[in-house]
Amino acid sequence: MSIQQISVFLENRAGQLAEITKVLAENGIDLRAISIAETTDYGVLRMIVDEAQRAKTILLDSGYIMSVTPVLAVSVPDAPGGVASVLKLLAEGHIDIEYMYSLFTHVEGKAYMVFRVSDEAKFTALLEAHGIQICSAEELGLK
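Residues numbered from 1 in each chain as written. Predicted model: local features only at pLDDT ≥ 70, side-chain atom pairs only at ≥ 80, totals over all residues. Heavy atoms only, no water.

> Would you mind going over the sheet that holds strand S1 (residues 3-11) with me for this structure?
Adjacent strands of a sheet pair through backbone hydrogen bonds, lying either parallel or antiparallel. Read from one edge to the other, the open sheet built from 6 strands follows the order S2-S3-S1-S4-S6-S5, with strand pairing classed as antiparallel. In this open sheet, the two edge strands, each paired with only one partner strand, are strand S2 (31-38) and strand S5 (97-107). Pairwise comparison of adjacent strand axes, ignoring direction, gives a mean angle of 30° for this sheet. Bridge count for S1 against strand S3 (residues 42-49) is 6 bridges, and the pairing is antiparallel. Bridging from a neighbouring strand, leucine 10 pairs with glycine 43 of S3. Sheet strands touched by helix H2 (residues 52-61): S1, S3 and strand S4 (65-77). Its angle to S1, the strand with the most contacts, is close to 20°. (Pairing = 2+ DSSP bridges. Helix = DSSP H or I, 4+ residues; strand = E, 2+ residues; numbered from the N terminus. Axes fitted to C-alpha atoms, helices over the stretch in contact; angles between N-to-C directions. Contact = heavy atoms within 4.5 Å.)

Spelled out as structure tokens, the structure:
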């Protein structure tokens, strides 16, 4: 079951990240994960927030160019090798990772990773067959 990721396209200039996080903070939107990829001319800010639909409206109303993408969150052991075991399964299953990053959330010995993969159904089936949990929005406190 996927969660919603917000991707915002930003000019590659000082202060852009501060501006967008200020807009979200002023509207009570809580960041759960953040990742930045950059090119020479622009950056892509990927975020998981507690209220994706409300954040989308706020960002569009503020003039940002953005999109919403389904991604998967996976619970991994918060111990050395926790994420390595998941990545090994993906390699063995020939599942390409488009990108990944971690959530701020950490609960009872578990860490959480966000994945965008080439084949969501194959990814989900492979992990579930090995007892690895795909997290729900509710489990992560997302609305």
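Next comes the rest of the account.
> So what exactly am I meant to see when it comes to unusual backbone geometry here?
Note: most peptide bonds trans; most residues except glycine with negative phi. Of note in the backbone geometry, histidine 94 takes a positive phi value of approximately 55° without being a glycine. With respect to the helices and strands, the residue histidine 94 is situated in the loop between helix H3 (82-92) and S5. For histidine 94, a relative accessible area of 66% gives the class exposed. (Buried < 20%, exposed > 50% of the residue type's maximum accessible area, 1.4 Å probe, protein only.)

> Help me understand the pattern of salt bridges, please; the structure alone is not making it clear to me.
A side chain with one charge may pair with a side chain of the opposite charge, provided their charged atoms come close. All chains considered together, the criterion is met by 8 salt bridges. One salt bridge in this structure joins arginine 13 and glutamate 19, with 3.5 Å as the shortest N-O distance. Taking the shortest distance from any N to any O, the salt bridge between lysine 88 and glutamate 92 comes out at 3.0 Å. Here glutamate 92 and lysine 88 lie together in helix H3, a separation of 4 residues that amounts to about one turn. Of the residues examined, lysine 88 reaches a relative accessible area of 53% and is grouped as exposed. Each of Glu11, Arg13 and Glu19 takes part in salt bridges that share partners, so that together they form one network. (Salt bridge = Lys/Arg side-chain N within 4 Å of Asp/Glu carboxyl O.)

> Explain the packing of aromatic side chains to me, please; I cannot follow it from the model alone.
Where two aromatic rings form a pair, the distance of their centres and the angle of their planes describe that pair. One pass over the structure, following the stated rule, counts 2 aromatic pairs. Considering the side-chain rings of phenylalanine 115 and phenylalanine 123, the 5.3 Å spacing of their centres and the 50° angle between planes classify their relative orientation as tilted. Neither residue differs from the other here; phenylalanine 115 and phenylalanine 123 are each classed as buried. Sitting over the ring of tyrosine 99, arginine 46 keeps its end group 3.7 Å from the ring centre. (Phe/Tyr/Trp six-rings, centres within 6.5 Å; stacked < 30°, edge-to-face > 60°. Lys NZ or Arg CZ within 6 Å of the ring centre and 35° of its normal.)

> How do you make sense of H2 when you look at a structure like this?
Helical geometry: 3.6 residues make up each α-helical turn, so side chains three or four residues apart lie on a common side. Where H2 is concerned, the buried positions are Ala52, Ala55, Ile58 and Leu59. Down the axis, H2 shows its buried residues gathered within 125° of arc, on one side only. The inward-facing, buried residues of H2 abut S1, helix H1 (16-26), S3 and S4. One or two residues past the end of H2 sits glycine 63, with phi positive at roughly 90°. (Arc of directions from axis to C-beta.)

> Just to check I follow, could you spell out the environment of phenylalanine 115 for this structure?
Tracing the backbone through its elements, the reader meets phenylalanine 115 in strand S6 (residues 110-117). Along the backbone, phenylalanine 115 and isoleucine 20 are 95 residues apart, and their C-alpha atoms lie at a distance of 23 Å.

> Is there a simple way to think about H3 in this case?
Three or more residues of H3 are buried, namely Gly82, Val86, Leu89 and Leu90. Each buried residue of H3 sits inside an arc of 100° when the element is viewed along its axis, so together they form one side. Looking at H3, the residues exposed on the side facing more than 90 degrees away from the buried face are Lys88 and Ala91. Packing partners of the buried residues in H3 comprise S4, S5, S6 and helix H4 (120-129). Two residues or fewer past H3, histidine 94 is found with a positive phi of approximately 55°.

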